[in-house]
Structures are given as C-alpha cells and as structure tokens.
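Structure at a glance
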Amino acid sequence: MQKFKIIKKNKVNIIPLIDIIFLMLVFFMLATNFNKDKQISFSSNMAKEILKKESTESILIIKIKNGNYEILDKKISMDEIEKKYFAQWDSIKFKKIVILNDNKSEFQFLITMLDLIKKYKIENVNFSNEPK
C-alpha cells in the first residue's frame, strides 16, 4: 500500500480582522467630537452677502488694507482694537466680527488678528476678501 502525505496549508482567516476594523471605526466615530460651535466660517469673495444677511449695526467690520487695520474707514492700531473692542467684547453692542482682507496685505496681519480674537475667546467671526 502506498501512503500519501497530507500537506496542510496554512490559511489566514480574515473575518476576525474585519470585525476588529469595524469595531475601531465605530469607536473613533463615537469618540470624535463634532462641535459646530467652535468652527470658524471662512468665505472667499462673499463679503457683500455676509453684510446683507445681518444688520451692520451688530457687526464689527475690521478691514486689513495694505498692512493697516481700519474700522469705519479710519486707521486704527492693534492695541486700540484690543482696548476699545476686544477687551470689552461682552459689554459692547457687536455680536459678530467680519474681517475683510485685501490681497495686498501680508498674511501675518490676519494671523495677528486671529491670535487676538482667540485670546479674548470671541467665537462669531467671519472672513472674506474685501468686495470690489
């Protein structure tokens, strides 16, 4: 009689791996915080629409032109903005900030403004390029 060798092939069972991947997916979906209140809205070339939606009386409009800050078409320094508006944000009538940036200003002026907004924990901020 002839004896046959039985060769066992090693198999990889992929079903438990799929289960683990789905469990990790569910875990990370549940652990992630989707808080819409902390988002910063950014719109490009939408300044006219932003200003039409709400009355301009409740909006503080800060323009960044050629490296200078302007409020109500008057040049103002960053220190004055901080003292007059941001330090007293809770007591003044403005509810929203719109930052209008022209294409000629350096990016650092916008970043400096954002740092100041973050310092005073002001949340309702919109950005746009200045309307033409």
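The preceding data block contains the structure.
Here we summarise the structure given alongside this text. Everything numeric in this text was worked out from a predicted model, so none of it was measured.

Criteria and thresholds
- Residues numbered from 1 in each chain as written.
- Predicted model: local features only at pLDDT ≥ 70, side-chain atom pairs only at ≥ 80, totals over all residues.
- Heavy atoms only, no water.
- Phe/Tyr/Trp six-rings, centres within 6.5 Å; stacked < 30°, edge-to-face > 60°.
- Helix = DSSP H or I, 4+ residues; strand = E, 2+ residues; numbered from the N terminus.
- Buried < 20%, exposed > 50% of the residue type's maximum accessible area, 1.4 Å probe, protein only.
- Core = buried A, V, L, I, M, F, W, Y, C linked by side-chain atoms within 4.5 Å.
- Contact = heavy atoms within 4.5 Å.
- Patch = residues over 30% accessible without salt bridge, like charges linked within 9 Å, V, L, I, M, F, W, Y side chains within 5 Å.
- Areas by Shrake-Rupley, 256 points an atom, 1.4 Å probe, with all protein chains shown as cover.
- Salt bridge = Lys/Arg side-chain N within 4 Å of Asp/Glu carboxyl O.
- Expected span 1.5 Å × (residues − 1).
- Arc of directions from axis to C-beta.

Attention now goes to the packing of aromatic side chains. Tallied over the entire structure, the rule returns five aromatic pairs. Their ring planes at 45° and their centres at 6.4 Å tell us that Phe86 and Tyr120 sit as a pair that is tilted. Taken together, the positions of Phe86 in helix H3 (residues 78-86) and Tyr120 in the loop between helix H4 (107-119) and strand E6 (125-129) put the pair 34 residues apart, joining distant regions of the chain. What makes Phe86 buried here is its relative accessible area of 1%. Overall, Tyr120 belongs to the partly exposed group, its relative accessible area being 27%. Among the aromatic residues, those joined into a cluster by ring pairs are Phe86, Trp89 and Tyr120.

The next thing to look at is the nonpolar core. With 22 residues, the main nonpolar core has Leu60, Ile62, Phe86, Ile97, Ile99 and Met113 as its most contacted residues. Elements that contribute at least two residues to this core include exactly strand E2 (59-65), strand E3 (68-71), H3, strand E5 (96-101), H4 and E6. In contact with Met113, not counting residues within four places along its chain, are Ile62, Tyr69, Met78, Ile81, Phe86 and Ile99.

A cluster of nonpolar side chains, Ile14, Ile15, Leu17, Ile18, Ile21, Phe22, Leu25 and Met29, forms an exposed patch at the surface whose accessible area comes to about 800 Å². In this fold, Ile14 is placed in the segment before helix H1 (15-31). Looking at Ile14, the relative accessible area reads 49%, which means it is partly exposed.

As enumerated under the stated definition, the model contains two salt bridges in all. The salt bridge partner of Lys63 is Asp73, with a shortest N-O separation of 3.2 Å. One end of the pair, Lys63, is in strand E2; the other, Asp73, is in the loop between E3 and strand E4 (74-76), with 10 residues separating them in the sequence. The class of Asp73 is exposed, set by a relative accessible area of 57%. With a closest N to O distance of 2.8 Å, Lys119 and Glu82 form a salt bridge. Taken as a pair, Lys119 in helix H4 and Glu82 in helix H3 lie far apart in primary sequence, 37 residues in all. The exposure class of Lys119 is exposed, given its relative accessible area of 53%. Its relative accessible area of 17% is what places Glu82 among the buried residues.

Over its 13 residues, H4 extends 19 Å from the first C-alpha to the last, a length consistent with the 18 Å expected when each residue adds 1.5 Å. Along H4, the positions that sit buried rather than exposed are Leu110, Met113, Leu116 and Ile117. Within H4, the buried residues cover an arc of 120° as seen down the axis, which keeps them to one side. Among the exposed residues of H4, those oriented more than 90 degrees off its buried face are Phe107, Lys118 and Lys119. Residues of H4 that are buried make contact with E2, E3, H3, E5 and E6. Backbone geometry just after H4 places Lys121 at a positive phi near 55°.

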